Amino acid sequence: MPIPDSVLDLIGHTPMLELTQLDSGVCRLFLKLENQNPAGSIKDRVALSMIEQAERQGILAPGGTIIEATAGNTGLGLALVAAQKGYRLILVVPDKMSREKIFHLRALGAKVLLTRSDVVKGHPDYYQDYARRLAGETPGAFYIDQFNNPANPLAHYQGTAPELWQQMDQDIDAIVVGVGSGGTLGGLKRFFDQVSPETDFILADPAGSILADVVERGAVPEAGSWLVEGIGEDFVPPLSQVEQLTQAYRVTDGEAFAAARALLQKEGILAGSSTGTLLTAALRYCRAQRTPKRVVTFACDSGNKYLSKMFNDDWLRQQGLLARPVSGDLRDFIAFRHDEDATVFALPDDTLATAHARMRLYDISQLPVLENGRLVGLIDEWDILAQVRADARRFTLKVDAAMTRQVITLPKEADEATLLRTFAQGHVAVVMDGDRFLGLITRADVLNTWRNRLPS
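Residues numbered from 1 in each chain as written. Predicted model: local features only at pLDDT ≥ 70, side-chain atom pairs only at ≥ 80, totals over all residues. Heavy atoms only, no water.

**Q** So what about the overall build of the protein chain? Which residues, and what values?
**A** Looking only at helices and strands, one finds 14 helices and 15 strands in the protein chain. Across its three principal directions, the C-alpha atoms of the protein chain cover 75 × 55 × 50 Å. Evaluated residue by residue, the protein chain yields a buried proportion of 53% over its 456 residues. Long-range pairs, those at least 24 residues apart, make up 66% of the contacts in the protein chain with a sequence separation of at least 6. (Helix = DSSP H or I, 4+ residues; strand = E, 2+ residues; numbered from the N terminus. Buried < 20%, exposed > 50% of the residue type's maximum accessible area, 1.4 Å probe, protein only. Contact = heavy atoms within 4.5 Å.)

**Q** Lay out the sheet that holds strand β15 (residues 436-441) in plain terms, naming residues and giving numbers.
**A** What the three strands build is an open sheet, ordered β13-β14-β15; its pairing is mixed. The open sheet is flanked by β13 (409-411) and β15, the only strands paired with a single partner. Neighbouring strand axes in the sheet, compared pairwise and without regard to direction, differ in orientation by 35° on average. As paired elements, strand β14 (residues 429-433) and β15 share five bridges and run antiparallel to each other. Counterpart to V431 in the pairing with β15 is G439. (Pairing = 2+ DSSP bridges. Axes fitted to C-alpha atoms, helices over the stretch in contact; angles between N-to-C directions.)

**Q** I'd love a proper account of the sheet that holds strand β8 (residues 200-206), names of residues and values included.
**A** Here six strands make up an open sheet; going across it, the order is β1-β2-β10-β7-β8-β9 and the pairing mixed. Edge positions in the sheet fall to β1 (16-19) and β9 (248-251), since each of these pairs with one other strand and no more. The average angle at which neighbouring strand axes cross in this sheet is 25°, direction not considered. Here strand β2 (residues 28-32) runs beside strand β10 (residues 294-298); their pairing, made up of five bridges, is parallel. Among the inter-strand pairings, L31 is bridged to a residue of β10, identified as T297.

**Q** Provide a residue-level description of the pairing of strand β11 (residues 366-371), including the pertinent values.
**A** Here β11 lies mainly inside the structure; five of its six residues are buried. Taking the residues between adjacent antiparallel strands as the criterion, β11 and strand β12 (residues 374-380) are bridged by two residues, where N372 takes a positive phi near 55°.

**Q** Describe in detail the pairing of strand β4 (residues 88-94), supporting the description with residues and values.
**A** Within a regular strand, the side chains alternate between the two sheet faces. Counting buried positions along β4 gives six out of seven residues, so the element sits mostly inside the fold. Strand direction decides the pairing type here: strand β3 (residues 65-69) and β4, joined by five bridges, are parallel. Within β4, the position partnered with A69 by the bridge is V92. The handedness of the β3 to β4 crossover, carried by helix α2 (residues 73-85), is right-handed. In the sheet, β4 pairs with strand β5 (residues 111-115) via five bridges, with the strands oriented parallel. Bridging across to β5, L91 finds its partner in V112. Read as a crossover between parallel neighbours, the route from β4 over helix α3 (residues 99-107) to β5 is right-handed. (Right-handed = clockwise from strand over helix to strand, strands pointing away.)

**Q** Now, about the packing of aromatic side chains: what can you tell me, with residues and values included?
**A** With the rule as written, the count across this model stands at eight aromatic pairs. With a centroid separation of 6.4 Å and 85° between ring planes, the pair formed by Y127 and F147 is classed as edge-to-face. Of the two residues, Y127 is situated in helix α4 (residues 127-137) and F147 in the loop between β6 (141-143) and α5 (151-167); the sequence distance between them amounts to 20 residues. Residue classification places Y127 among the buried positions, given a relative accessible area of 9%. The exposure class of F147 is buried, given its relative accessible area of 3%. With 5.3 Å between their ring centres and 75° between their planes, F191 and F192 make a pair best called edge-to-face. Judged by its relative accessible area of 11%, F191 is buried. (Phe/Tyr/Trp six-rings, centres within 6.5 Å; stacked < 30°, edge-to-face > 60°.)

**Q** So, the environment of L164: which residues are in play, and what are the values?
**A** Among the secondary structure elements, L164 is positioned in helix α5. For the pair L164 and A212, spaced 48 residues apart in sequence, the C-alpha separation works out to 25 Å. Ignoring any residue separated from it by four or fewer positions in sequence, one finds L164 in contact with M16, K32, I172, I175, L188, F192, V296 and F298.

**Q** Provide a residue-level description of the packing of α2 against α3, including the pertinent values.
**A** Contact geometry of α2 with α3 gives a least axis separation of 9 Å together with a crossing angle of 15°. By the angle between their axes, α2 is roughly parallel relative to α3. As α2 packs across α3, the resulting crossing turns out to be left-handed. When α2 is examined against α3, the residues N73, G75, L76 and A79 are found in contact with a partner set consisting of K101, H104 and L105. Split by residue class, the contact of α2 with α3 holds three nonpolar, three polar and one charged. (Parallel < 35°, antiparallel > 145°, perpendicular 65-115°, else oblique. Left-handed = near helix turned anticlockwise from the far one by under 90°. Nonpolar A, V, L, I, M, F, W, Y, C, P; charged D, E, K, R; others polar.)

Limitation: the analysis is restricted to geometry and does not speak to function.
Written out as structure tokens, the structure reads:
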């Protein structure tokens, strides 16, 4: 094959993998690896299609500004293409997006504006309304509008669908898809209605999204909330053709995250949260069949964008999606338990620079100081600040020169009222089981624990 001279030439033509380590019943389940696109998702196809269509139509002038509302992956595709073609890009994104996506977008040169994820269409802070308003206020800006842009489904009609058809030897019984902007479903459905109208389309929808209700009952209920990124909506995307579907599966966040983690552990594929939703639905569909079928779904994006979230046990616990056995005492509030080797700590002979670097890396403000597994002190940002006193050379001092040795501790049997009094007195809650250190409790840990007591 000729060696391409642009990363844009690498968009599309993604490989297909048959999944053999997961229980798909009598069916064969195939995964199209859209996470192999250059910016890591299926949305690279859409971004290139929409920008090149705007260029052909003369809407987008050289050096122009593109504005878009995105939950992340379309933004990454746009950022990749815009950087290669010399366009300025402004993205409005909901604040539930993973940090990895935001860092990736900014590294590609995009300007990222965060907005609320707890509001619905029609609210001025809703990400699409915000982006449309911003485009109207920005001279010469082009609002690319993936939700209404016909070049979105065109990318899948002309690219993704023919690839699928060829890779599967023109033999596909069912395709499991999710809907975000609706372009994937709209483009695939148009193609397969022409070449294989008997191919079934099944919707995988996050629990809380309205789209499964639209498929099953033709109703538009009030939307809930979900943590999966990139699919699910609180309105019916006009490009989606979702009304033409007859079967849908609702997938909870917990099910989606567990499926994505199983995909990595059993098949070696690092894919994102929407892939977990699609995979859960595809496996349900496969297991419900009584005759063998060839079923296709997608690895929509790469899981490296979610390492701080669904691949992080501590984050899952904070969301109430991964539970420990209940102890009935203060251990239930500790996020990073020492008996689980999760505690971030310092040693007395570590330097202050080491302690400070550890705080920054883990986004915490204090560390227990342990010696041979025994608690000997506590060091926080103020201790380091007071010891360094603007002299950078003092970062080479040892932790035991700055740490607090008189640490107020709580037995694990202490009640919540005692815990709250400890916070009110300005102390960190250090929990002990006799002489054995168990961990620290922060105010955020308490709030997370209380929130997770709410019925789901």
